[in-house]
Amino acid sequence: DKYKKPEGRETEVFAVFELGGKQYKVCPNDLVFVDSRGDLEVNDMIECNRVLLLGSKDETIIGRPYVPGTSVVAAVESQFMEAKKIVFKKKRRSNYRRNGGFRHRLTRLRILSVNGVAPGGEGA
């Protein structure tokens, strides 16, 4: 009982895809926070064909560089700015202090489906 599997949903398929120059490992129904995209609105559906790796319990498909015929479908849930990050510069003994900060713009995506591999292990 000490080494039991954690309770909760067991993911059938997963994918590693590329969006905005960064890579994200996702399963269906995951939330992903990506850099803000100006061309997207809330409730838009996006389909990303740049899938680098696709896997299930029985098989793993590695792309060179991408897996052909696969995609990740996501919906835009919200666009927001994260909490302010403080940027403080100081040089000692010279009365030099600069206090600034910035807020990063983010887009929250809900992964709807990973297309290209069947949950049972047979490739589509």
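Up top you'll find the structure we're talking about.
Read on for an overview of the structure. Values in this document were obtained by computation on a predicted structure and should not be read as measured data.

This brings us to the overall build of the protein chain. Broken down by element type, the protein chain carries 0 helices and 10 strands. In sequence order, the secondary structure elements of the protein chain are arranged as β-β-β-β-β-β-β-β-β-β. Counting only residues that meet the buried cut, the protein chain has 31% of its 124 residues in that class. Considering only residue pairs separated by 6 or more positions, the protein chain has 65% of its internal contacts joining residues 24 or more positions apart.

Turning to the pattern of salt bridges, a few remarks are in order. For side chains bearing opposite charge, pairing can occur when the charged atoms are close. Going through the model one piece at a time under the given rule, you end up with 6 salt bridges. Taking the shortest distance from any N to any O, the salt bridge between Arg 50 and Glu 18 comes out at 3.9 Å. Taken together, the positions of Arg 50 in the loop between strand E4 (45-48) and strand E5 (51-56) and Glu 18 in strand E1 (residues 13-19) put the pair 32 residues apart, joining distant regions of the chain. The partly exposed category is assigned to Arg 50, whose relative accessible area is 44%. Judged by relative accessible area, which is 18%, Glu 18 ranks as buried. What you see here is one network of salt bridges that share partners, running through Glu 77, Arg 108 and Arg 110.

Our focus in this paragraph is the sheet that holds strand E7 (residues 71-81). One open sheet holds the 4 strands; their spatial order is E3-E10-E7-E4, and the pairing between them is antiparallel. Taken across any chain shown, the strands that pair with only one partner, and hence form the sheet edges, are strand E3 (31-35) and E4. Within the sheet, the average angular offset between the axes of one strand and its neighbour, ignoring direction, is 40°.

For the rest of this paragraph, the subject is the sheet that holds strand E6 (residues 60-62). The antiparallel open sheet is built from 4 strands, whose spatial order is E2-E1-E5-E6. Looking at which strands have only one partner, the edges of the open sheet turn out to be strand E2 (22-26) and E6. Averaged over neighbouring strand pairs, the angle between their axes works out to 10° when direction is ignored. Pairing analysis gives 5 bridges linking E1 to E2, with the strands arranged antiparallel. Its bridge partner being in E2, Glu 18 is matched across the sheet by Gln 23.

This brings us to the nonpolar core. With 20 residues, the main nonpolar core has Phe 17, Leu 19, Tyr 24, Val 26, Val 72, Leu 109 and Ile 111 as its most contacted residues. Elements with a minimum of two residues in this core: E1, E2, E3, E4, E5, E7 and strand E10 (105-115). Broken down by element, the residue count for this core peaks at 4 residues, all from E1. Filtering out sequence-adjacent residues up to four positions away, Val 26 remains in contact with Phe 14, Ala 15, Phe 17, Val 32, Val 72 and Ile 111.

Criteria and cut-off values
- Residues numbered from 1 in each chain as written.
- Predicted model: local features only at pLDDT ≥ 70, side-chain atom pairs only at ≥ 80, totals over all residues.
- Heavy atoms only, no water.
- Helix = DSSP H or I, 4+ residues; strand = E, 2+ residues; numbered from the N terminus.
- Buried < 20%, exposed > 50% of the residue type's maximum accessible area, 1.4 Å probe, protein only.
- Contact = heavy atoms within 4.5 Å.
- Salt bridge = Lys/Arg side-chain N within 4 Å of Asp/Glu carboxyl O.
- Pairing = 2+ DSSP bridges.
- Axes fitted to C-alpha atoms, helices over the stretch in contact; angles between N-to-C directions.
- Core = buried A, V, L, I, M, F, W, Y, C linked by side-chain atoms within 4.5 Å.

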